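Residue-level listing of the chains:
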Amino acid sequence: MSSINIYHFMPDKLNLYGDIGNIIALTKRAKWRGIDVKVTDVKETTGLSLSEADILFIGGGSDREQAIATQELFRIKDDFKAAIEDGVPALTICGGYQFLGEKYVTPDGQSLPGLNILDFYTESKKDRLTGNIVIESETFGQIVGFENHGGRTYHPYGTLGNVISGYGNNDTDKKEGLHYKNLLGTYLHGPILPKNHEITDYLLKAACERKNIEFGSMDGDNIVEENAKKVIIDRLLAEK
Ligand code: GLN
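Quick summary incoming for the structure in this document.

The rules we used
Residues numbered from 1 in each chain as written. Predicted model: local features only at pLDDT ≥ 70, side-chain atom pairs only at ≥ 80, totals over all residues. Heavy atoms only, no water. Salt bridge = Lys/Arg side-chain N within 4 Å of Asp/Glu carboxyl O. Buried < 20%, exposed > 50% of the residue type's maximum accessible area, 1.4 Å probe, protein only. Helix = DSSP H or I, 4+ residues; strand = E, 2+ residues; numbered from the N terminus. Core = buried A, V, L, I, M, F, W, Y, C linked by side-chain atoms within 4.5 Å. Contact = heavy atoms within 4.5 Å.

Some details on the pattern of salt bridges
Stage number 1. Under the counting rule described, the total for this entry stands at 15 salt bridges.
Stage number 2. Where aspartate 12 meets lysine 13, a salt bridge forms, and the shortest distance between an N and an O atom there is 3.5 Å.
Stage number 3. We classify aspartate 12 as partly exposed; its relative accessible area is 46%.
Stage number 4. Glutamate 85 is the partner of lysine 81 in a salt bridge, and the nearest nitrogen-oxygen pair spans 3.9 Å. Highlighted residues: lysine 81 and glutamate 85, both in helix H3 (residues 77-85), separated by four residues, approximately one helical turn.
Stage number 5. Residue lysine 81 is classed as partly exposed on the basis of its relative accessible area, which comes to 32%.
Stage number 6. In this structure glutamate 85 comes out as partly exposed when scored by relative accessible area, which is 31%.

Written out as structure tokens, the structure is:
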């Protein structure tokens, strides 16, 4: 059986609002296509190589946990950047997304250095951007999720799409997330992948293409997922 390796960074620290569900969604949808998945939990990075990683995943966390995790991830920042530039698919959520920039400025003005993988920054405020969110995406169609962040992120790269309801990257742009090569950064918890199978399949397909694994048809359909998504989108847009 063909197999892909998912590297899950700091699962014990960065797992807000069920972010682990993203790993479950990736694993299930790969298996439904006859592709086996091995998940490597990365809790410390000393001596770690990313050469066997097919998908990288970082979840979200509080400011405190984020600061601890950043210190650990600093050791592999050059390898991480090289993997992203090489097109390894990656999903990073909220705090995990903010990490990838140059800095995270806390509400009291403290500047915490990020991994500087890409050229952007996040500034946090005391009032939080919280609630359900709907995005219209050219690549993925309509995306739904839940956000809760003090951070406002500003970057010059592609995004996941336009915010129809909710906040997204900050409280002014009406854009959500970041899309650079096969790296996706997003504020969406919930978790995002079980609610948005198009994004799950995007990551799996990119991983399979890099490994010359056939990304064949799936055992099953997406009717339940699509109906669930429609219910929440209709409700949120009606409330606007
Ligand atoms: N600490 C970050 C913020 O509040 C990330 C929160 C999160 O991951 N949900 O902006």
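Further notes follow.
Some thoughts on the nonpolar core
Stage number 1. Among the nonpolar cores identified, the biggest contains 57 residues, and Phe9, Leu56 and Phe80 are the most heavily contacted of them.
Stage number 2. When residues of this core are assigned to their parent elements, the largest contribution, five residues, is made by helix H6 (residues 197-211).
Stage number 3. For leucine 56, the contacting residues outside a window of four places in its chain are Tyr7, Phe9, Phe80, Ala83, Ile84, Val88, Pro89, Ala90 and Leu91.

From the geometry alone we can't say anything about function, so treat these as descriptive.
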